[in-house]
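Chains, contacts and geometry: an overview
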Amino acid sequence: MRVIASFAVAALLAVGATCAHSHQAPSRWDYPFYCCSGADCAPLEPEAVREVHGGFVVIVRPGEHPMWPKERRTTLRLEIPYDKATPSPDGHWHLCINDAGELLCFFAPAGDS
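Residues numbered from 1 in each chain as written. Predicted model: local features only at pLDDT ≥ 70, side-chain atom pairs only at ≥ 80, totals over all residues. Heavy atoms only, no water.

With mixed pairing, 4 strands are arranged side by side in an open sheet as β1-β6-β7-β5. Pairing within the sheet leaves two strands with one partner each, and these edge strands are β1 (41-43) and β5 (85-87). The average angle at which neighbouring strand axes cross in this sheet is 25 degrees, direction not considered. (Pairing = 2+ DSSP bridges. Helix = DSSP H or I, 4+ residues; strand = E, 2+ residues; numbered from the N terminus. Axes fitted to C-alpha atoms, helices over the stretch in contact; angles between N-to-C directions.)

The structure is reproduced here in structure tokens:
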């Protein structure tokens, strides 16, 4: 019985350990754990990002990001200063937001900041 209990505890710990990791971008690099909880990050279409004086403006329409579903019915507009942008490992735009639409992380292609 103790052996079974030990295996059960080990299995639960292994599952818990894998849940603590970040999830991957479509191009197979890992979003940093501090940016997401497994669903908070997603790539952006280039048309959603506009460079402005001092940073970027990101427009997310309902349904264009996992954390901004169609049910929102309003467009999310984020103003992101250059110092909040991180170089993107795959050369594409990525946005991590919480369910309130608050910025967690923003990844910009090199040369765009």
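Attention now moves to the packing of aromatic side chains. One pass over the structure, following the stated rule, counts 7 aromatic pairs. Here Trp29 and Tyr31 contribute two aromatic rings whose centre-to-centre distance is 4.9 Å and whose plane-to-plane angle is 65 degrees, an arrangement assigned as edge-to-face. Tyr31 carries the same exposure label as Trp29, and that label is buried. (Phe/Tyr/Trp six-rings, centres within 6.5 Å; stacked < 30°, edge-to-face > 60°. Buried < 20%, exposed > 50% of the residue type's maximum accessible area, 1.4 Å probe, protein only.)

Under the defined criterion, the tally for this structure stands at 2 disulfides. Disulfide partner of Cys35: Cys105, at an S-S distance of 1.8 Å. Judged by the sign of its S-S torsion, about -80 degrees, the bond between Cys35 and Cys105 is left-handed. Note that Cys35 is positioned in the loop between α1 (2-19) and β1 and Cys105 in strand β7 (residues 103-108), a separation of 70 residues in sequence. With relative accessibility at 7%, the residue Cys105 sits in the buried group. Shown here is the disulfide that connects Cys41 with Cys96, its sulfur atoms set 2.0 Å apart. Between Cys41 and Cys96, the S-S dihedral sits near 110 degrees, and the bridge is therefore right-handed. Taken together, the residues Cys41 in strand β1 and Cys96 in strand β6 (residues 94-97) connect sequence positions 55 residues apart. Given the relative accessible area of 5%, Cys41 is considered buried. (Disulfide = S-S within 2.5 Å.)

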